[in-house]
Amino acid sequence: MSNNNFIVRKVAVLGAGVMGAQIAAHLVNANVETLLFELPAKQGDVTVNANANVIKAVENLKKQEPAPLSAATRAACIQPANYDQHLELLRDCDIVIEAIAERMDWKTELYTRIAPYLGTHTIFASNTSGLSINQLAQAFPESLRHRFCGVHFFNPPRYMHLVELIACEGSDAAMLDDLEKFLVTYLGKGVIRAKDTPNFIANRVGMFSMLATMHHAREFELGFDLVDALTGSLIGRPKSATFRTADVVGLDTLAHVINTMRNGLPDDPWHRYYAAPDWLRGLIDSGALGQKSKRGVYQKVGKEIHVLDLATKEYHLAAGEVDDDIKELLKRKNPAEKFAALRASRHPQAQFLWAVYRDLFHYCAVHLSAIADNARDLDLAMRWGFGWNLGPFEIWQAAGWSQITDWINEDIAAGKSMSTTPLPAWVLEMDRSGVHTAQGSYAPTAKAQRPRSVLPVYRRQLFPDRLLGEETPHSITIFETDAVRMWHTGDDIAIVSFKSKMHTIGSDVLDGVQQAINEAERNWRALVIWQTEPPFSAGANLQKATERLKSNGPPSTFSLLTQKLKKTARSAVLKAARNLNLADALMAGKLAEVEAMVAQFQQTSQDLRYSMIPTVAAVDGLALGGGCEFVMHCDRAVATLESYIGLVEVGVGLLPAGGGCKEFALRAAREAKDGDPFPLLKSYFQTIATAQLAKSAEQAKELGYLRPADLVVMNRFELLHAAKAQAVALAEAGYRPPLKTYNIPVAGTAGIATIKSMLVNMLEGGFISEHDYLIGSKVAYVMCGGDLTPGSLVDETWFLELERAAFIELLATEKTQARVEHTLKTGKPLRN
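Residues numbered from 1 in each chain as written. Predicted model: local features only at pLDDT ≥ 70, side-chain atom pairs only at ≥ 80, totals over all residues. Heavy atoms only, no water.

Bringing helix α24 (residues 660-671) into the picture now. Taking 1.5 Å per residue, twelve residues should reach 16 Å; α24 reaches 16 Å between its end C-alpha atoms and fits that length. Burial within α24 is extensive, with ten of its twelve residues counted as buried. Taken residue by residue, α24 has Gly 660, Cys 661, Lys 662, Glu 663, Phe 664, Ala 665, Leu 666, Arg 667, Ala 668 and Ala 669 as its buried positions. (Helix = DSSP H or I, 4+ residues; strand = E, 2+ residues; numbered from the N terminus. Expected span 1.5 Å × (residues − 1). Buried < 20%, exposed > 50% of the residue type's maximum accessible area, 1.4 Å probe, protein only.)

This is how it looks when you write it as structure tokens:
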């Protein structure tokens, strides 16, 4: 039985390489005190800092993209250490994670060295990606083996949800339960218990899938770029597909994983395929290791992507295109019809896909009992570790378990499969519905359906990542419209969820939120805004607006301020622009109606702030524009670490008008020292004027989108639980809404003049356009409170009126209309 009082105060990571440093980074993301060990730095007779190797690794964390750290300031929280001077520090660590190179001899040597320094309570775990945990355990005294296990993070550790937990023969069961709790809640991971076999679950299946893809690509004479076009988003896998993924992982790393399977699985029916193809060995020998060496299967030439041609051994422009008929086939919504068409087609692209799927299903069925406890564990491992939309067994089940089984058997008999090994008996005995049912997922060893884990930590996941065939957790509808659903889970906390695409906010959503607030005030203790899947909201919607507000002006562009955003921020602005939604009423010559809708948006934000029940925003993924404004106006926000929050309206020639400008002005006034709001207001202005997008919830706090009291949760599947807990806490404390503020000091004309002078310098220097200057001036005018004497006192309504007027003025300009329209059409910024 696990220890309910298991506390992790300090963790040490051994090895400051790529994985070790990033694991340490994610630990400090989670507010865990972390030591990072590496070999001491030595440079002949020259005196150097013994921790120089670790310090260099930590500095590198600040430069990496995607960022391993939730905020760059977190790097200072990683404590450098080395094996010569600091082994005594291990005694106080609750967990020690080994993450050195994948060499059995190096690992066992290190274990022998550090074992005497481990505390009596310390859990020791190896981050090996495929070495035998039982063999590694032999390096420890028998008295310590009960506290040893494998804990395999996936790269990059901050972003990949999967962690495989592997017991050795002596691992204490309670210890494993405690470690699972820590990984799930405090590091935000999806934990899968894997068996101690080479490469465990995800890498074993994922690597076979890549090898099968390589084999059939050669069989059907398909180029690398065409294979990637076929095996990416079209079939529910990451855009990097097969060979781009290989380049990102590193071709040498790929070869190492293949070799691990070859050496560790001599009796495997597919053993002859566990070999790096000649072309792969040739690339490695020539130093072409993929992305890290700037050349692999692909090579970037200027702005173009080139791909290796196996026939000529030369690179050419990547232009792999899936045949239109195959694209249409893959778009079919009925999986059974799709797979029947794939198998029946004589087109080589269709035959290729059927062969890849068939051999994947065959392989997973044969090896399930050896590598995992049940089908759910294998499917979730592939979802969480490789980013597949569905696991292999889910796809098989959706396409018709019995029919696919018959086809696999036919192909085995015909010698078409990569192995002649028959499907295991349990596959044939399965009910037609497949392996995943309401009772659980099939476990071959137990010959029964295995329900989900009953560990207490999973009670926090009110809506876990559901598999095909599993029941949806119970919820009760309070009311439902075409735009929103208000519901509950059997308690007195109401939840409202949006039904619009990307959870954009139109007048229908605003009506629904206002109705939900009124209902909650009458009959519920609190209201939580939570979406059934990310994003929280991509903002308001001008899609139909731009169809009616046509501009005859010259081509427009994003402001140069937006162009200065980093790639992730810019892509979010583009995504927001594509999903902007104000309402059907936006027509040429009807700006008055638009203004009324903006007023409705502002009123809804204010209702969230001043309702008689606590309101909590449960944020996961994007919260852009109006979505961000909703977050800022709720009494509390609870956000996952991977929440990307920002007021990005400037990127399409507008300004925040749902209360965002007002809210920053209000916060600057409240936080001002000596009564002068301008120093803080200037910082908030820059945040809005440059459309800054927070790349994590922690960064959102730094930028001011989230408040110090707002909470960050690590596991997105625990978000609703944490948000409801905050709602209950506010209600239990005798909640009353904040008093309205009627005496907000403004920066006034002096503040406007100061900001305008900065904008003039940027304009004269050619850094911004005249329209950028206009937008920036409007933002400054609103945030500084308009043409008033500095220190004048106004109320929130004053700022809201300024916001609304400035928004309409900008929307009426041809250049803003052109910017929005161009972005919606092309998804690309232009220079004007």
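That shown, we press on.
On to the confidence of the model for the chain. Averaged over all residues, the pLDDT of the chain is 92; the fraction at 70 or higher stands at 92%. Low pLDDT, under 50, characterises residues 544-570; the predicted model gives this stretch 80 contacts beyond four residues in sequence or across chains. Counting contacts from residues 572-588, a segment whose pLDDT is below 50, to residues more than four positions away or on other chains yields 69 contacts. (pLDDT = per-residue confidence, 0-100. Contact = heavy atoms within 4.5 Å.)

Pairing geometry for strand β12 (residues 436-437) and strand β13 (residues 440-443), over two bridges, is antiparallel. Looking across to β13, one finds that Thr 437 is bridged to Gly 440. Linkage of β12 to β13, two consecutive antiparallel strands, is achieved through a turn of two residues. As defined by bridge partners, β13 adjoins strand β14 (residues 448-450) across three bridges and the pair is classed as antiparallel. Each residue of the ladder has a partner; that of Ser 441, found in β14, is Arg 450. Connecting the antiparallel pair β13 and β14 is a turn made up of four residues, with Lys 447 showing a positive phi of about 55 degrees. (Pairing = 2+ DSSP bridges.)

With that out of the way, let us pick up the sheet that holds strand β15 (residues 476-480). The strand order across the open sheet built from seven strands is β15-β16-β17-β18-β19-β20-β21, with neighbouring strands paired in mixed fashion. The open sheet has two free edges, formed respectively by β15 and β21 (711-713), since each of these has just one partner strand. Between one strand and the next, the sheet's axes are offset by a mean angle of 25 degrees, whatever the strand orientation. Those strands touched by helix α18 (residues 507-523) are β15, β16 (484-488), β17 (493-498) and β18 (526-529), and its axis lies near 25 degrees from that of β16. (Axes fitted to C-alpha atoms, helices over the stretch in contact; angles between N-to-C directions.)

Another point: the side chain of Gln 349. Assignment of secondary structure puts Gln 349 in helix α13 (residues 348-371). Not counting chain neighbours up to four residues away, the residues in contact with Gln 349 comprise Leu 226, Leu 230, Glu 321, Val 322, Asp 323 and Ile 326.

Bringing the sheet that holds β14 into the picture now. Taken in spatial order, the three strands of this open sheet run β12-β13-β14, and their pairing is antiparallel. The sheet is open, and its two borders are formed by β12 and β14, each paired with just one other strand. Along the sheet, helix α14 (residues 375-386) contacts β12, β13 and β14; its crossing angle with β13, the most-contacted strand, is approximately 105 degrees.

With that settled, the discussion passes to the nonpolar core. Phe 393, Trp 396 and Trp 426 are the most contacted members of the largest nonpolar core, which totals 117 residues. Looking at which element gives the most residues to this core, the answer is α13, with 14 residues. Contact partners of Trp 396, with chain neighbours within four places excluded, come to Phe 361, Ala 365, Trp 401, Ile 404, Thr 405, Ile 408, Leu 423 and Val 427. Val 513, Ala 668, Leu 681 and Ile 688 belong to the second-largest nonpolar core, a separate cluster that totals 82 residues. (Core = buried A, V, L, I, M, F, W, Y, C linked by side-chain atoms within 4.5 Å.)

You can see Gly 130 is positioned in the loop between β5 (123-126) and α4 (133-137). Note on Gly 130: relative accessible area 6%, which makes it buried. In this structure, the C-alpha to C-alpha distance between Gly 130 and Asn 60, residues 70 residues apart in sequence, is 26 Å. Not counting the four nearest positions on each side in its chain, Gly 130 is found in contact with Glu 102, Thr 197, Pro 198, Asn 199, Phe 200 and Thr 260.

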